[in-house]
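Single-letter residue listing:
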Amino acid sequence: VTGTGWDASFVCVPCPVPTCSDGIQNQGETGIDCGGPCPACPATHNIGTGNWNTCTGDLFDSGGPGGSYSNSELITETYCSDAGDCISINFSAFSTESCCDDLTIYDGPNTGSPLIGTYAGTTSPGTVTSTSGCLTFVWDSDGSVTGTGWDASFVCVPCPVPTCSDGIQNQGETGIDCGGPCPACPATHN
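All figures in this text were calculated on a predicted structure; none of them were measured in a lab.

## Overview of the pairing of strand β4 (residues 74-80)
Stage number 1. In terms of burial, β4 is a largely internal element, five of the seven residues being buried.
Stage number 2. Across two bridges, strand β2 (residues 52-53) lies against β4 in parallel orientation. The residue bridging Trp52 from the neighbouring strand is Tyr79, located in β4.
Stage number 3. Note: β4 against strand β9 (residues 134-140), seven bridges, orientation antiparallel. Residue pairing for β9: Glu77 is matched across the bridge by Phe137.

Put into structure tokens, the structure is as follows:
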């Protein structure tokens, strides 16, 4: 089956001038819209203020340091290394409504990335380190009862070198730690 195709014309136009508020890391910025020729990147981030490419700082719930988060929040954000490394985040405080307010963390740039875990109540994620250079957070609070939330700090660290025994399906493996460039997967599993 074929169709009539298309007809188009094009012209040249001036490229948009990069700015410090265009949502793109450009013109020598050290993070998205910050650093370099733009204002310094903020050291403190509250979830709900956008995705970040950075290697240092603190991350708080939407209430910020010393405040409580709000009811009925559903926020998805991604934090990536700005140095080509992996990002590591350490939670020093964590307290949410245990039944209904949770933080889900994925190892990668979106919610299709591998799930690290879902945390609620006082079950802290502890220290979480990406294997891909990015961590994606989904914060979900219901319509009643709030807690003090969390306080975390993040840094960039060297990414782990993939091996045939790291518990991850990587570097061409056909299964976790087997097949491809690694030994074949066993035919019998206990």
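Moving on, there is more to tell.
## Observations concerning the sheet that holds β2
Stage number 1. Strand order in the open sheet formed by five strands is β2-β4-β9-β6-β7, and the pairing between neighbours is mixed. Lying at the two open borders of the sheet, with one neighbouring strand each, are β2 and β7 (115-120).
Stage number 2. Sheet topology note: the strand β6 (residues 102-106)/β7 ladder contains five bridges and is antiparallel. Its bridge partner lying in β7, Leu103 is registered against Tyr119.

## Overview of the state of the cysteines
Stage number 1. Across all of its chains, the model carries five disulfides by this definition.
Stage number 2. Across the disulfide, Cys99 is cross-linked to Cys100 (sulfur-sulfur distance 2.2 Å). Here the S-S torsion is close to -95°, and the disulfide linking Cys99 with Cys100 is therefore left-handed.
Stage number 3. When its relative accessible area of 56% is taken as the criterion, Cys99 is described as exposed.
Stage number 4. Put simply, Cys164 and Cys182 are joined by a disulfide, and their sulfur atoms are 1.9 Å apart. Judged by the sign of its S-S torsion, about -85°, the bond between Cys164 and Cys182 is left-handed.

Criteria and cut-off values
Residues numbered from 1 in each chain as written. Predicted model: local features only at pLDDT ≥ 70, side-chain atom pairs only at ≥ 80, totals over all residues. Heavy atoms only, no water. Buried < 20%, exposed > 50% of the residue type's maximum accessible area, 1.4 Å probe, protein only. Helix = DSSP H or I, 4+ residues; strand = E, 2+ residues; numbered from the N terminus. Pairing = 2+ DSSP bridges. Disulfide = S-S within 2.5 Å.

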